[in-house]
Amino acid sequence: GGSNPVDAPRPTDSVRPGGDREGAHLIRRVLLAGLTASLVFVVAAQAAGAASTLYGSSNATSGNATTATLSTVNVGTGSATAVGTLPFSGTGAPGVTEIVCQPNATSAATAICYAQEADGGFRISQFNLSTGAAIGVPVSDGDSFSGLAYVGSTLYGTAIVSGTLRTLNPVTGASVAIGLTGAAKPISGLAWDGTTMYGIEGGKAAANLYTINLSTGHATVIGNTGITGAGSLQFGPDGNLYAGGDSNDGGHLYRVNKTTGAATLVGASGLPDLTGLALATFSNPPPPTTTTTTAPVAITVTPRFTG
């Protein structure tokens, strides 16, 4: 290549050894450091824009009327804060047995979430995560899905009536059986951690925690949680596994050890039950910027001349 004019000494001046060259190289290093700091800042800002929230569903009955409530759940205390009323509420309505959201929504307003009708209703409905209100008309899905969890774009469900693990299309209601779980009691909640599907059994006896084979549907016992009446299972924003108690338990939130199955009480939700838990992760990063946020530091190099 050609010579660098910055490094070439002037013919009439004697240059202090390394003077101009060191100054030019220093300028380059400072400019590069400023640009690198700016890029790191932008990446960090985008990562900071991601947030996750744990939601829960609950059913309250009064006479012949059932109100299914959508709430946010605090994983530090267990307490629930109401968001709105879910589908399958009203006179003669059975309420909701499970809720689930597609992963990687940009915000609560754009999240795609579904609620499963309880007690043999055999229907599923999309709902608005910001209000709980139904979106569109419920569709028949042919079974009571007490556990629902997404693995990528595929929705898996545990069906109470058939006792099987199935893949489910929540838009059409069509499902495909994978196989019998073989669990002693119906699986009332599913949770996926990116590598393993976990399930928890419902009923009035102490609930076992399982791993679920997605190829066969078979459930393998990990251990007993000690929860009498588990209604739901989900990973929280902190990466820990959580279970919600059903009406037999009184709607408490538990942290579950996924290696042993042992559950630790977090606290009361303040709801009669936690029939469903859903983790909604919102990416929603700040808009990209084309300008640097850290201005390069300007320096002045004054060469010394002799002669």
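Residues numbered from 1 in each chain as written. Predicted model: local features only at pLDDT ≥ 70, side-chain atom pairs only at ≥ 80, totals over all residues. Heavy atoms only, no water.

(A) Structural view of unusual backbone geometry. Despite not being glycine, phenylalanine 88 has its phi angle at roughly 65°, a positive value. Even without a glycine there, the phi angle at asparagine 104 is positive, about 65°. Relative to the helices and strands, asparagine 104 is located in the loop between β6 (96-101) and β7 (113-117). (Helix = DSSP H or I, 4+ residues; strand = E, 2+ residues; numbered from the N terminus.)

(B) Molecular detail of the side chain of threonine 275. Inspection of the secondary structure assignment puts threonine 275 in the loop between β21 (263-268) and β22 (276-282). Among the polar contacts listed, one links the side chain of threonine 275 to the backbone oxygen of valine 96, at a separation of 2.9 Å. Apart from residues lying up to four places away in sequence, threonine 275 is in contact with Ser57, Ser58, Asn59, Val96, Thr97, Glu98, Gly231 and Ser232. (Polar contact = N/O pair within 3.5 Å; in protein donor to acceptor, adjacent residues only side chain to side chain. Contact = heavy atoms within 4.5 Å.)

(C) Summary view of the nonpolar core. Counting 18 residues, the largest nonpolar core has Tyr55, Ile99, Phe127 and Leu129 as the members making the most contacts within it. Listed in part, the 13 residues of the second largest apolar core include Tyr198, Ala207, Leu209 and Ile227. (Core = buried A, V, L, I, M, F, W, Y, C linked by side-chain atoms within 4.5 Å. Buried < 20%, exposed > 50% of the residue type's maximum accessible area, 1.4 Å probe, protein only.)

(D) Highlighting the environment of glycine 270. Here glycine 270 is to be found in the loop between β21 and β22. Counting along the chain gives 19 residues from glycine 270 to glycine 251, while the straight-line C-alpha distance between them is 7.1 Å.

(E) Quick look at the sheet that holds strand β8 (residues 123-127). One open sheet accounts for 4 strands, arranged β6-β7-β8-β9; its pairing is antiparallel. Strands at the two margins of the open sheet, each flanked by one partner only, are β6 and β9 (134-140). Averaged over neighbouring strand pairs, the angle between their axes works out to 20° when direction is ignored. (Pairing = 2+ DSSP bridges. Axes fitted to C-alpha atoms, helices over the stretch in contact; angles between N-to-C directions.)

(F) Expanded view of the packing of aromatic side chains. Applying the stated criterion across every chain, the model contains 1 aromatic pair. Here tyrosine 198 and phenylalanine 235 contribute two aromatic rings whose centre-to-centre distance is 5.9 Å and whose plane-to-plane angle is 70°, an arrangement assigned as edge-to-face. One end of the pair, tyrosine 198, is in strand β15 (residues 197-201); the other, phenylalanine 235, is in strand β18 (residues 230-235), with 37 residues separating them in the sequence. Assigned by exposure class, tyrosine 198 and phenylalanine 235 land together as buried. (Phe/Tyr/Trp six-rings, centres within 6.5 Å; stacked < 30°, edge-to-face > 60°.)

(G) Just the state of the cysteines, in detail. Overall, the coordinates contain 1 disulfide when judged by the stated rule. Sulfur-sulfur distance for the disulfide between cysteine 101 and cysteine 113 comes to 2.2 Å. Across the disulfide from cysteine 101 to cysteine 113, rotation about the S-S bond amounts to roughly 105°, and the bridge is consequently right-handed. With cysteine 101 in strand β6 and cysteine 113 in strand β7, this pair connects stretches of sequence that are 12 residues apart. By the burial criterion, cysteine 101 is buried, and cysteine 113 matches it. (Disulfide = S-S within 2.5 Å.)

(H) Quick peek at the pattern of salt bridges. The tally for this structure, following the rule as stated, stands at 3 salt bridges. In this structure, glutamate 201 engages lysine 185 in a salt bridge whose closest nitrogen and oxygen atoms are separated by 3.2 Å. With glutamate 201 in strand β15 and lysine 185 in the loop between β13 (175-180) and β14 (187-192), this residue pair connects regions lying 16 residues apart in the sequence. (Salt bridge = Lys/Arg side-chain N within 4 Å of Asp/Glu carboxyl O.)

(I) Up close: the side chain of serine 144. Along the chain, serine 144 turns up in the loop between β9 and β10 (145-151). You can call serine 144 buried: its relative accessible area is 6%. Engagement of the side chain of serine 144 in a polar contact is seen with the backbone nitrogen of glycine 120, the distance being 3.2 Å. If sequence neighbours within four positions are ignored, serine 144 has contacts with Gln116, Asp119, Gly120, Gly121, Phe122, Thr158, Ala159 and Ile160.

(J) Up close: the environment of glycine 78. Examined against the element boundaries, glycine 78 turns out to sit in the loop between β3 (65-73) and β4 (80-85). Setting aside residues up to four positions removed in sequence, glycine 78 forms contacts with Val73, Leu253, Val266, Gly267, Ala268 and Ser269.

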